[in-house]
Amino acid sequence: CLRLRSLARTKPKKQQNIQSATMGKPFRQKLELFLILFFTFLAFASYHEGTGSTAWLQWATLVIFLGFTYTFDASFTDESSFIFDPDADNWRRKTEAGQQ
């Protein structure tokens, strides 16, 4: 009876993977958003109309670069999608195995 209770509490592996994939953004993307917001605040804070300073432009440029990085990261990658394997034979084996 005790074993049945412990089995009932554990979730199958596939269900755990689905939940972890849909629980939210990875830490990397949250960090990127935080940096974008922080540097946006710095860009607005460094703008002074009377001084003629261009420091705000430098911060704004950094925000633009981070914005494009975040857009690419959110659109095309997730925690498990990037695999560094420069050998073409390995890629060929993986794609041929997926077609069978």
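Structural data are supplied above this passage.
Residues numbered from 1 in each chain as written. Predicted model: local features only at pLDDT ≥ 70, side-chain atom pairs only at ≥ 80, totals over all residues. Heavy atoms only, no water.

Chemist: What's the story with the packing of aromatic side chains in this structure? I'm lost.
Modeler: For any pair of aromatic rings, geometry is given as the distance between the ring centres together with the angle between the planes. Tallied over the full model, the rule gives four aromatic pairs. Ring geometry for Phe-38 versus Phe-39: centroids 5.4 Å apart, planes at 65°, classification edge-to-face. What makes Phe-38 partly exposed here is its relative accessible area of 40%. With a relative accessible area of 15%, Phe-39 lands in the buried category. An angle of 15° between the planes, with centres 5.5 Å apart, marks the rings of Phe-39 and Trp-59 as stacked. Note that Phe-39 is positioned in helix α3 (residues 27-45) and Trp-59 in helix α4 (residues 55-76), a separation of 20 residues in sequence. (Phe/Tyr/Trp six-rings, centres within 6.5 Å; stacked < 30°, edge-to-face > 60°. Buried < 20%, exposed > 50% of the residue type's maximum accessible area, 1.4 Å probe, protein only. Helix = DSSP H or I, 4+ residues; strand = E, 2+ residues; numbered from the N terminus.)

Chemist: Even after reading the chapter, I still don't get the packing of α3 against α4, so can you show me in this structure?
Modeler: The packing of two helices is summarised by the inter-axis angle and the distance between the axes. Two elements in contact, α3 and α4, have axes separated by 9 Å at closest approach and are oriented at 160°. Classified by the angle between their axes, α3 and α4 sit roughly antiparallel to one another. Crossing of α3 against α4: the hand is left-handed. Across from Arg-28, Gln-29, Glu-32, Leu-33, Leu-35, Ile-36, Phe-39, Thr-40, Leu-42 and Ala-43 in α3, the residues of α4 making contact are Trp-56, Trp-59, Ala-60, Leu-62, Val-63, Leu-66, Gly-67, Thr-69, Tyr-70, Asp-73 and Ala-74. Classifying every residue of the contact of α3 with α4 gives 14 nonpolar, four polar and three charged. (Axes fitted to C-alpha atoms, helices over the stretch in contact; angles between N-to-C directions. Parallel < 35°, antiparallel > 145°, perpendicular 65-115°, else oblique. Left-handed = near helix turned anticlockwise from the far one by under 90°. Contact = heavy atoms within 4.5 Å. Nonpolar A, V, L, I, M, F, W, Y, C, P; charged D, E, K, R; others polar.)

Chemist: What exactly am I supposed to notice about the pattern of salt bridges here?
Modeler: Between side chains of opposite charge, a pair can form when the charged atoms approach closely. Throughout the structure, instances matching the rule amount to two salt bridges. Between Arg-28 and Asp-73 there is a salt bridge whose closest N-O contact spans 3.0 Å. Of this pair, Arg-28 sits in helix α3 while Asp-73 sits in helix α4; the two residues are 45 residues apart in sequence, bridging distant segments of the chain. The exposure class assigned to Arg-28 is partly exposed, which follows from its relative accessible area of 32%. Residue Asp-73 is classed as buried on the basis of its relative accessible area, which comes to 6%. Ionic pairing is found between Asp-89 and Arg-92, a salt bridge with its closest N-O pair at 2.7 Å. Placement of both Asp-89 and Arg-92 in helix α5 (residues 88-99) is noted, with a separation of three residues, approximately one turn of the helix. (Salt bridge = Lys/Arg side-chain N within 4 Å of Asp/Glu carboxyl O.)

Chemist: Please clarify how α3 should be interpreted in this entry.
Modeler: Structural remark: α-helix, 3.6 residues per turn; residues separated by three or four positions point the same way. If you check α3, its first and last C-alpha atoms are 27 Å apart, about what 19 residues at 1.5 Å a residue would give, namely 27 Å. Next to the buried residues of α3 lie α4. (Expected span 1.5 Å × (residues − 1).)

Chemist: Is there a simple way to explain the nonpolar core in this structure?
Modeler: Nonpolar side chains in soluble globular proteins generally cluster together in the buried interior. One finds Ile-36, Phe-39, Val-63, Leu-66 and Tyr-70 forming the largest nonpolar core, which totals five residues. When residues of this core are traced back to their parent elements, those giving at least two are α3 and α4. Of all the elements, α4 adds the most residues to this core, at three residues. For Phe-39, the residues in contact, after removing those within four places along its chain, are Trp-59, Leu-62, Val-63 and Leu-66. (Core = buried A, V, L, I, M, F, W, Y, C linked by side-chain atoms within 4.5 Å.)

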